[in-house]
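Here's the letter readout for the chains.
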Amino acid sequence: MTGLTVGVIGAGAAGVSAVKTLRAHGVDIDIELFARNGETPHNRTLVNKGVAIGLLEPHQTNLPPIGVQTSAYTVRGIDPRIRRVHLDSGNNRAFDALIVATGSRPRPLDDTIVGRDQALSAGRLTTLHSLTDAIRVRDLLATADPARVLFLGGGLVASETASLLTDAGHNTVLIARSALPGASAIGDDAARQLLDLHRHHHAVHLGRDVCAIRTHADHITVVLDDDTKVEGDLAIVAHGTLPAAPAPWTGPGGIAVDNRLRTLSAPDQRIYAAGGVAVHHYPGRSSYRIDHWDDATAQGAHAAKTLLHDLGHGDDPGAYLPASTFSARIHGRTLTGAGHPALASYTRVISSEPLVVGHCLGDDLVALTGIDVTAAVRQWVSRLHAAHRSELSDAQAGRR
Ligand SMILES: Cc1cc2nc3c(=O)[nH]c(=O)nc-3n(C[C@H](O)[C@H](O)[C@H](O)COP(=O)(O)OP(=O)(O)OC[C@H]3O[C@@H](n4cnc5c(N)ncnc54)[C@H](O)[C@@H]3O)c2cc1C
């Protein structure tokens, strides 16, 4: 019996993975997992692909039990000096080590947009991040068949959900600030192919800001900065995410970590952060955050291994580097990525049809994207974060 206690805050991808890794190691540690008040730990990726489109009931997205004490208490704050966790209930507890895995929250629509709050109160403007959001979307879709659904944003969640709703017979419209939506997350080449797909299936307004939203008895009108007026039954805000952390990290900056996922603001305090809440620094690049399920799972495991090492159990896991895959099914095509394309300073098109792109920084391959080439992308994953300039050139020249 070690007598050690570890608190894991957040019961999503990163938190559950951290718990599983701690338990698999075989060290006798008391683990307490914290989830938000009233929330059953669930798989967030099914919010749009399952519940919003009426394919799954909310309870069907629940994660399987993992055999540790799970307390449904929102953590309000942490005192890093003594690793004391302050709960919503007014109680507090101290631990020998903490892993913060509280994920992200949706970036809201700018509050300067005229009519935003009326549309929100009428239930015709929503984010799509939680099960509550998904139920709101599902219920509104049921009132209009087909429904006119406007997506404010053009990232992966917007693209994937627009595709699902188009398939279900609804009329979707994508409204994006960027002239090439998704380019910052997946690179120009893949974003261009996805944009062609969107244009083929539904209306798209690019390079446009929303100025106002007018709420009528049975629909809304979204007014764009070129005075275009787009009518819809529902608008879904999909402007990406911000980290969601308890105090003292409640600002938009998230929790900065070192390359072992130890929090930088409380060095040597055995407090770690993983998943959508963690802010990393890549050598030679600025700070970055990744909000994909498999990467959050990898980070949770990595943070747990660092924690065990810091407590004298197990090897140093080395530096965390993003190498997990992600994918999205969009208008019948499958986008697959690995690593974090935003870390790259240039790209190499390995193959143009089907598309496979290497994202590079200096001599290193740091990420990959491709369309309908899941196996090819996976083949390259083991070579991420290492110098592969010549291999990429060979592949480009068709010699591999
Ligand atoms: C609609 C949608 C679809 C997505 N689809 C995909 C996909 O297809 N593929 C993919 O790779 N990624 C997808 N993602 C992203 C993926 O879900 C996230 O990257 C992943 O869930 C991040 O894992 P996490 O553990 O950091 O956060 P989460 O899985 O969100 O878990 C965080 C947990 O912490 C809890 N929590 C937060 N604050 C507190 C607190 N103060 N106290 C206690 N508990 C707290 C939350 O309630 C939540 O349960 C999608 C996201 C959305 C919104």
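This one's a predicted model, so the numbers in the text were calculated from it and none came from an experiment. (Residues numbered from 1 in each chain as written. Predicted model: local features only at pLDDT ≥ 70, side-chain atom pairs only at ≥ 80, totals over all residues. Heavy atoms only, no water.)

So, the overall build of the protein
Then, in step 1: The secondary structure content of the protein amounts to 10 helices and 27 strands.
Then, in step 2: Expected size for 400 residues packed as a compact globule is a radius of gyration near 21 Å; at 22 Å, the protein falls within 12% of this value.
Then, in step 3: Its C-alpha atoms give the protein principal-axis dimensions of about 65 × 60 × 35 Å.
Then, in step 4: Put simply, the protein has 400 residues, and 52% of those count as buried. (Helix = DSSP H or I, 4+ residues; strand = E, 2+ residues; numbered from the N terminus. Rg over C-alpha atoms; globule rule 2.2 N^0.38 Å. Buried < 20%, exposed > 50% of the residue type's maximum accessible area, 1.4 Å probe, protein only.)

Some details on the environment of Thr336
Then, in step 1: Here Thr336 lies in strand S23 (residues 333–339).
Then, in step 2: Taking the C-alpha atoms as reference points, Thr336 and Asp372, separated by 36 residues in sequence, lie 7.4 Å from one another.
Then, in step 3: Residue contacts for Thr336: discarding those within four places in its chain leaves Phe326, Ser327, Leu368, Thr369, Gly370, Thr374 and Val377.
Then, in step 4: Of the polar contacts made by the side chain of Thr336, one reaches the side chain of Thr374; its length is 3.0 Å. (Contact = heavy atoms within 4.5 Å. Polar contact = N/O pair within 3.5 Å; in protein donor to acceptor, adjacent residues only side chain to side chain.)

Notes on the UniProt feature "domain: FAD/NAD(P)-binding" (unreviewed entry) in the protein
Then, in step 1: The UniProt record annotates "domain: FAD/NAD(P)-binding" (unreviewed entry) at residues 6–300.
Then, in step 2: A helix fraction of 25% and a strand fraction of 28% characterise residues 6–300, whose end C-alpha atoms lie 14 Å from each other. (UniProt positions renumbered as here; feature names shortened; annotations may be inferred.)

A few points about the sheet that holds strand S14 (residues 220–224)
Then, in step 1: Read across the open sheet, the three strands follow the order S13-S14-S15; overall the sheet is antiparallel. Looking at which strands have only one partner, the edges of the open sheet turn out to be strand S13 (210–215) and strand S15 (229–232). With direction set aside, neighbouring strand axes in the sheet form an average angle of 20°.
Then, in step 2: Relative to S15, S14 runs antiparallel, the two being bridged by four bridges. Bridge assignment links Val222 to a residue of S15, and that residue is Val230. (Pairing = 2+ DSSP bridges. Axes fitted to C-alpha atoms, helices over the stretch in contact; angles between N-to-C directions.)

Digging into the site of the ligand
Then, in step 1: Near the ligand you find 28 residues, and of these Glu39, Arg44, Lys49, Gly276 and Asp291 are the closest.
Then, in step 2: Here an oxygen atom of the ligand and a backbone polar atom of Ala14 are 2.8 Å apart.
Then, in step 3: Burial of the ligand by the protein amounts to 92% of the accessible area it has alone, namely 990 Å².
Then, in step 4: Residues of the shell around the ligand, tallied by class, amount to 12 nonpolar, 11 polar and five charged.
Then, in step 5: When residues are assigned to domains, the shell around the ligand turns out to be shared by domain 1 (4–105 + 242–310) and domain 2 (116–239), each giving three or more. (Near = heavy atom within 4 Å. Areas by Shrake-Rupley, 256 points an atom, 1.4 Å probe, with all protein chains shown as cover. Nonpolar A, V, L, I, M, F, W, Y, C, P; charged D, E, K, R; others polar. Domains from an automatic or database assignment.)

As for the side chain of Thr161
Then, in step 1: Tracing the chain through its elements places Thr161 in helix H5 (residues 156–167).
Then, in step 2: A distance of 2.6 Å separates a polar atom in the side chain of Thr161 from the backbone oxygen of Val157.
Then, in step 3: With residues near it in sequence (within four places) discarded, Thr161 still touches Asn48, Leu128 and Phe151.

Regarding the sheet that holds strand S20 (residues 278–281)
Then, in step 1: Across the sheet, three strands lie side by side as S18-S20-S21; this open sheet has mixed pairing. Of all strands in the sheet, those with a lone pairing partner are strand S18 (255–256) and strand S21 (287–288), marking the two edges.

Some points on the packing of helix H1 (residues 13–24) against helix H8 (residues 293–310)
Then, in step 1: Axis separation between H1 and H8 bottoms out at 7 Å; the angle between their running directions is 40°. It follows from the interaxial angle that H1 and H8 lie oblique. H1 and H8 meet at a crossing whose hand is right-handed. For the pair H1 and H8, contact is made by Ala13, Ala14, Ser17, Ala18, Thr21 and Leu22 and by Trp293, Ala296, Thr297, Gly300, Ala301, Ala304, Lys305, Leu307 and Leu308, respectively.
Then, in step 2: Along the lines of polarity and charge, the residues of the contact of H1 with H8 split into 10 nonpolar, four polar and one charged. (Parallel < 35°, antiparallel > 145°, perpendicular 65-115°, else oblique. Left-handed = near helix turned anticlockwise from the far one by under 90°.)

Description of the packing of aromatic side chains
Then, in step 1: Within this structure, the stated rule accounts for one aromatic pair.
Then, in step 2: On the numbers, 6.0 Å between centres and 85° between planes, the contact of Phe34 with Phe95 is edge-to-face. With a gap of 61 residues between them, Phe34 in strand S2 (residues 29–35) and Phe95 in the loop between strand S6 (92–94) and strand S7 (97–100) connect regions that are remote in the sequence.
Then, in step 3: Judged by relative accessible area, which is 1%, Phe34 ranks as buried.
Then, in step 4: A cation sits over an aromatic face here: Arg383 above Trp380, 4.2 Å from the ring centre. (Phe/Tyr/Trp six-rings, centres within 6.5 Å; stacked < 30°, edge-to-face > 60°. Lys NZ or Arg CZ within 6 Å of the ring centre and 35° of its normal.)

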